Amino acid sequence: MTSKIAIVGAGMTGSTSAHWLAEREIADLVLVDIVEGMPQGKALDLQEALPVVGKDVSVVGTNDFAATKGSDIVVITAGVPRKPGMSREDLLTINAKIVSDATLSALKYSPDAIFIVLTNPLDTMAYLAMKIGKLPRERIVGQAGILDSARMRAFVALETGVSVENIDCYVMGGHGDEMVPLTRHSNVAGVPLREYLPADKLEAIVNRTRKGGGEIVNLLKTGSAYYAPAVAVAQMAEAILKDKHLIIPASASMQGEYGLKDMFFGVPVQLGRNGVEKIIEYTLDAQEKAALEKSAAAVKESISVMQGLVKI
Ligand code: APR
């Protein structure tokens, strides 16, 4: 392979990202983690699976960032989940340190890489990585929007019985309970969801989408979602490496778009070989604008808490 992707954090999301990426056969993969043996074992297992599906990709597991040298893309999934008794601030402090170290270590060996951040709280961690790594805005993007939109698409498909391929959904805003599923723009084969579904069904889908992450956490009890976040990574990486100019919802650095500045926020982003090429600005109605403002306030609050805890 001529392209290389480093995945920092070989836990559930990192290793599942490697799985989806290997199937796409778009880049050699390096899994990095602090746990000894685990990334090596997972990488070897995946390497041994690839003859069965006929994919020629190298998969390396390591505890040493040196093996990530020359990566085109760095995916950051390293972090700890929130445990019982841990405050939001505790989580922020711990993950901020992990994400800062991961960003700087990866940049040392891949100074030109494009970063895809997944560690939560997502918009805050992506903002931190950009600041700490002094990255230009186009070279860093947070994964959340494809996941949130895919959840909504799945729920619409379950409700309507229509193929997921006919269902387009757009979710904007921060990756939290205040996210904004855009029911006016979302559609089933071109028919707006607001026309396709009765209001009560649509409202239930919007609420379930907003709480989609929590629904999985409550069921799993020992972790959070990983299949859907990981496949979103694969789609984003492919859009970048193949220079597809693909428009997807993702968390990007705001520099005046939607009236927002100095923060990351979930918006429609055009991805290509140089990373974030463009941020698409939808025309929003008053209700949508108000919902986005509420979501932006929640992200700003998280960023300001982080800034009080970490020097950037
Ligand atoms: N460097 C590299 N890896 C690290 C570091 C570090 N400094 N600190 C922790 N890790 C690793 C852990 O050892 C673990 O293997 O990060 C991995 C995280 O994996 P999981 O605990 O399985 O968590 P996962 O479900 O993959 O979620 C990772 O993505 O979607 C988000 O909310 C989620 O923030 C979380 C992140």
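Scroll up to find the structure.
All figures in this text were calculated on a predicted structure; none of them were measured in a lab.

Draft legend 1. Expanded view of the overall build of the chain. When helices and strands are tallied, the chain shows ten helices and 14 strands. The C-alpha atoms of the chain give a radius of gyration of 19 Å, which matches the 20 Å a tight globule of 312 residues would have. Projecting the C-alpha coordinates of the chain onto the three principal axes gives extents of approximately 50 × 50 × 40 Å. Out of the 312 residues belonging to the chain, those deemed buried represent 50%.

Draft legend 2. Structural view of the packing of helix 5 (residues 145–160) against helix 7 (residues 199–210). Between helix 5 and helix 7, the least distance of the axes is 9 Å, while the angle of their chain directions is 145°. Crossing hand, helix 5 versus helix 7: right-handed. Contacts from Asp148, Met152, Phe155, Val156 and Glu159 in helix 5 reach Lys201, Ile205, Arg208 and Thr209 in helix 7. When the residues that make up the contact of helix 5 with helix 7 are grouped by side-chain class, the tally is four nonpolar, one polar and four charged.

Draft legend 3. Seen up close, the packing of aromatic side chains. The tally for this structure, following the rule as stated, stands at two aromatic pairs. Taking the centre distance of 6.2 Å and the plane angle of 90° together, the rings of Tyr170 and Tyr282 count as edge-to-face. Here Tyr170 is found in the loop between strand 7 (167–168) and strand 8 (171–172), whereas its partner Tyr282 is found in the loop between strand 14 (275–279) and helix 10 (286–309), with 112 residues between them in sequence.

Draft legend 4. Structural detail: empty space enclosed by the protein. One pass over the structure, following the stated rule, counts two cavities of 30 Å³ or more. Considered as a void within the structure, the largest cavity measures approximately 60 Å³ in volume. As for the largest cavity, its lining consists of 13 residues, and the residues nearest its centre are Ala144, Gly145, Asp148, Gly173 and Gly266. Breaking the lining of the largest cavity down by element, the ones donating at least two residues are helix 5, strand 8 and strand 12 (246–255). Here the second largest cavity is characterised by a volume of approximately 40 Å³. Around the second largest cavity sit Tyr170, Val171, Met172, Ile247, Ile248, Pro249, Pro268 and Tyr282, which together line it. Among the secondary structure elements, those contributing two or more residues to the lining of the second largest cavity are strand 8 and strand 12. Its residues assigned to classes, the lining of the second largest cavity shows eight nonpolar, no polar and no charged.

Draft legend 5. Inspection of the nonpolar core at higher detail. In terms of nonpolar packing, the biggest core is built from 82 residues, with Ile5, Leu21, Phe115, Phe265 and Val267 touching the most fellow members. One finds Val156, Ala157, Cys169 and Leu193 within the second-largest nonpolar core, a separate group that totals 14 residues.

Draft legend 6. Local environment of the pattern of salt bridges. Using the criterion set out here, one finds eleven salt bridges in the structure. For Glu238, the salt bridge identified is with Arg24, shortest N-O distance 2.6 Å. Here Glu238, found in helix 9 (residues 227–241), pairs with Arg24, found in helix 1 (residues 12–24); they are 214 residues apart in sequence, far enough to count as distant. With a relative accessible area of 31%, Arg24 lands in the partly exposed category. Note that Asp148 and Arg151 form a salt bridge whose closest N and O atoms lie 4.0 Å from each other. Separated by three residues within a single helix, Asp148 and Arg151 lie in helix 5, roughly one turn from each other. Per residue, the accessibility class of Asp148 equals that of Arg151, and both read buried. Here the salt bridges share partners, and the residues they tie into one network are Arg24, Glu238 and Lys242.

Draft legend 7. Here's a closer look at the site of the ligand. Taken together, 16 residues are adjacent to the ligand, and Met12, Thr13, Asp33, Thr77 and Asn120 come closest. Between Met12 and the ligand, the recorded distance is 2.9 Å, taken from a backbone N or O atom to an oxygen atom. Contact distances for the ligand include 3.4 Å between an oxygen atom and a backbone N or O atom of Gly79. In the complex, the protein chains occlude 82% of the 730 Å² of accessible area that the ligand would expose alone. For the shell around the ligand, the residue count by class is eight nonpolar, seven polar and one charged.

Procedures and definitions
- Within each chain, residues carry numbers counting from 1 in the order of the written sequence.
- Since the coordinates come from a predicted model, pLDDT governs what is reported: local features require at least 70, and pairs of side-chain atoms require 80 or more to be given and counted, while whole-chain, interface and lining totals use all residues.
- Side-chain calculation: all heavy atoms of the structure are included, whereas hydrogens and water are not.
- Helix and strand labels come from DSSP, where a helix needs a run of H or I of at least four residues and a strand needs a run of E of at least two; each type is numbered from the N terminus.
- Put simply, the radius of gyration uses C-alpha atoms, and a globule should come to 2.2 Å times the residue count raised to 0.38.
- Three labels apply to residues, based on accessible area from a 1.4 Å probe with only protein chains included: buried if under 20% of the type maximum, exposed if over 50%, partly exposed otherwise in between.
- Simply put, an axis is a line fit to the C-alpha atoms, just over the touching stretch for a helix, and the angle between two N-to-C directions goes from 0 to 180 degrees.
- In this scheme the handedness of a crossing depends on how the near helix is turned from the far one: anticlockwise by less than a right angle means left-handed, clockwise means right-handed.
- Contacts were defined at the residue level, with two residues in contact if any of their heavy atoms lie within 4.5 Å.
- Side-chain classes follow a simple rule in which Ala, Val, Leu, Ile, Met, Phe, Trp, Tyr, Cys and Pro form the nonpolar group, Asp, Glu, Lys and Arg form the charged group, and the remainder, Gly included, forms the polar group.
- Stacked, tilted and edge-to-face are the three classes applied to pairs of Phe, Tyr and Trp rings, where Trp contributes its six-membered ring and a pair requires centres within 6.5 Å; stacked means planes under 30 degrees apart, edge-to-face means over 60, and tilted covers the rest.
- A cavity here means a set of points on a 1 Å grid, drawn over the protein atoms and nothing else, where a 1.4 Å probe fits but cannot get out; a pocket is an open set with protein on both sides within 12 Å along at least five of seven lines, and a residue lines either one if it has an atom within 4 Å of a point.
- Grid points are joined across faces, edges and corners, and a volume is the space filled by probe spheres set on the points.
- In plain words, nonpolar cores are sets of buried Ala, Val, Leu, Ile, Met, Phe, Trp, Tyr and Cys residues tied together by side-chain atoms within 4.5 Å.
- One speaks of a salt bridge when a side-chain nitrogen belonging to Lys or Arg is within 4 Å of a carboxyl oxygen belonging to Asp or Glu.
- The cutoff for a nearby residue is simple: one of its non-hydrogen atoms must lie within 4 Å of the molecule or strand.
- We call two N or O atoms a polar contact when they sit within 3.5 Å, provided that within protein one can donate a hydrogen and the other can accept it, with sequence-adjacent residues counted only if both atoms are side-chain atoms.
- Accessibility throughout is a Shrake-Rupley quantity obtained with a 1.4 Å probe, and a residue counts as covered only by protein chains that appear here.

Keep in mind these numbers describe shape, not what the thing actually does.
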